[in-house]
Amino acid sequence: MNHKTNNVHIQDVTLRDGNQALRTPWNAEEKKQVFQLLQKLGVQGMEVGFPSANQSEFSICQSLASVATDQEVISALSRAKEKEIEITWRAIQNAPRPRLHIVYPVSEYSIRNVLNSSQKAVARVVRESIQFAKNLVGNKGEIQFSGEHFGDPETDLEFAIAIFKTAIQEGANVINLANTVERDRPFAFVEKVRAVKREIGETAILSIHTHNDLGMATATTVESVFAGATQVEVALNGLGERAGNTNLYETAIALHLAGKSVSLEFSEILPTAEALSRLTNIPIPEKAPILGSDIFAHRSGIHQDGVLKTSHLKKTAYSAFSPQFVGRKGEETIEFTNQSGKKALEHVLSKKGMVLKPEEIETIFRENKGVLSI
């Protein structure tokens, strides 16, 4: 099986990781709304939930799987327990492209302190759970295996790689490297990604799942793509446990600007983010990357000069992308403050219909610099 591709597959986890981080998880109707937002955004894959958690979650996952199209990979998470694996598969098996996702710890810290187990026992559990899953799934869908806490500094990399190879041998199509808690530098994680890629080659899709505890999840995810990953697990508005999951919008645009092929309706980004903000009651900060209401405002004289001189170009001096690219109405704005220059004052006045002579602009600027704000 050859998984070599120049495209980056976006596998969204908002409906599972994002939902479980909410003080009040979404009901069936709200989950359906989020699912539809993801479809409109053009996301290629969605993890719809944790079906074995309770009957309600099972029903919601089953319902979403039934309305999915053949354009979307529909995934659901299970622990490495046969009963849960079976429940999870029943929930999503009617999707056109179902994927059974199994997670189990691979870090020394978790094996010792959470599982109270051994590497030998972990290897047995992974082998048996993937075998069981493969017997259920057959050729109907895919199997993804996630090594929980792969990114932990205490992880035995040689052991983790051996576990991933075992999962692939037993039928896993996707190996997901989880930075379950961000505790290290992005490039320390990326080097581990590169090592896994060298070992598994094209025998499985290599996926990345990072959390944002240190505020570097996007950087870690983006750089991991350049180390060999072809799937990124991300969430709308960066929603997720603690400080959140990798932000879908930041990751997609960063990859796009770096020349990677990302299938997404970029102009739907802002409408999607605003809709999700309403569904979660979590406001979007005005300085938030990609989404913030203030990110296209320029108040420094140096910045304003650069923006005005390059406003006719596709790439302006002080913006990574245009407002319209992410679905924002309007243009970059120039606001005159005591940090602005004469060109900014002239621009702001002209926008208000006041076309003045250079000497008049000079007089207004000289007399009001330091107190004027328009």
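A brief structural summary. As the structure is a computational prediction, the values presented were derived from the model and not from experiment. (Residues numbered from 1 in each chain as written. Predicted model: local features only at pLDDT ≥ 70, side-chain atom pairs only at ≥ 80, totals over all residues. Heavy atoms only, no water.)

## So, the packing of aromatic side chains
Okay, step 1: Evaluated as defined, the whole model comprises six aromatic pairs.
Okay, step 2: Here F150 and F164 contribute two aromatic rings whose centre-to-centre distance is 5.7 Å and whose plane-to-plane angle is 50°, an arrangement assigned as tilted. Of this pair, F150 sits in the loop between β5 (142–148) and α7 (157–169) while F164 sits in helix α7, and the two are 14 residues apart along the sequence.
Okay, step 3: For the ring pair F321 and F325, a centre distance of 6.2 Å and an interplane angle of 50° mean the geometry is tilted.
Okay, step 4: A relative accessible area of 12% means that F321 is categorised as buried.
Okay, step 5: A connected cluster of aromatic rings, assembled from ring pairs, spans F145, F150, F164 and F189.
Okay, step 6: Sitting over the face of the ring of Y109, R183 holds its NZ or CZ atom 6.0 Å from the ring centroid. (Phe/Tyr/Trp six-rings, centres within 6.5 Å; stacked < 30°, edge-to-face > 60°. Helix = DSSP H or I, 4+ residues; strand = E, 2+ residues; numbered from the N terminus. Buried < 20%, exposed > 50% of the residue type's maximum accessible area, 1.4 Å probe, protein only. Lys NZ or Arg CZ within 6 Å of the ring centre and 35° of its normal.)

## With respect to the pairing of strand β6 (residues 174–179)
Okay, step 1: Taken across its six residues, β6 has six buried, putting it largely inside the fold.
Okay, step 2: Both faces of β6 are covered, namely the face carrying V174, N176 and A178 and the face carrying I175, L177 and N179.
Okay, step 3: The parallel pair β5 and β6, bridged by α7, forms a crossover whose chirality is right-handed.
Okay, step 4: Judged from the six bridges that link them, β6 and strand β7 (residues 205–210) form a sheet pairing that is parallel. Bridged to I175 within β7 is L206. (Right-handed = clockwise from strand over helix to strand, strands pointing away. Pairing = 2+ DSSP bridges.)

## A few points about the pattern of salt bridges
Okay, step 1: For the coordinates displayed, the defined rule picks out 15 salt bridges.
Okay, step 2: Residue D294 pairs with K287 through a salt bridge whose shortest N-O separation is 2.6 Å.
Okay, step 3: Taking the relative accessible area as the measure of exposure, D294 reaches 11% and is therefore buried.
Okay, step 4: Ionic contacts of the salt-bridge type, sharing partners, join the residues K287, D294, R299 and E335 into one network. (Salt bridge = Lys/Arg side-chain N within 4 Å of Asp/Glu carboxyl O.)

Spatial relationships are all this shows, so hold off on functional conclusions.
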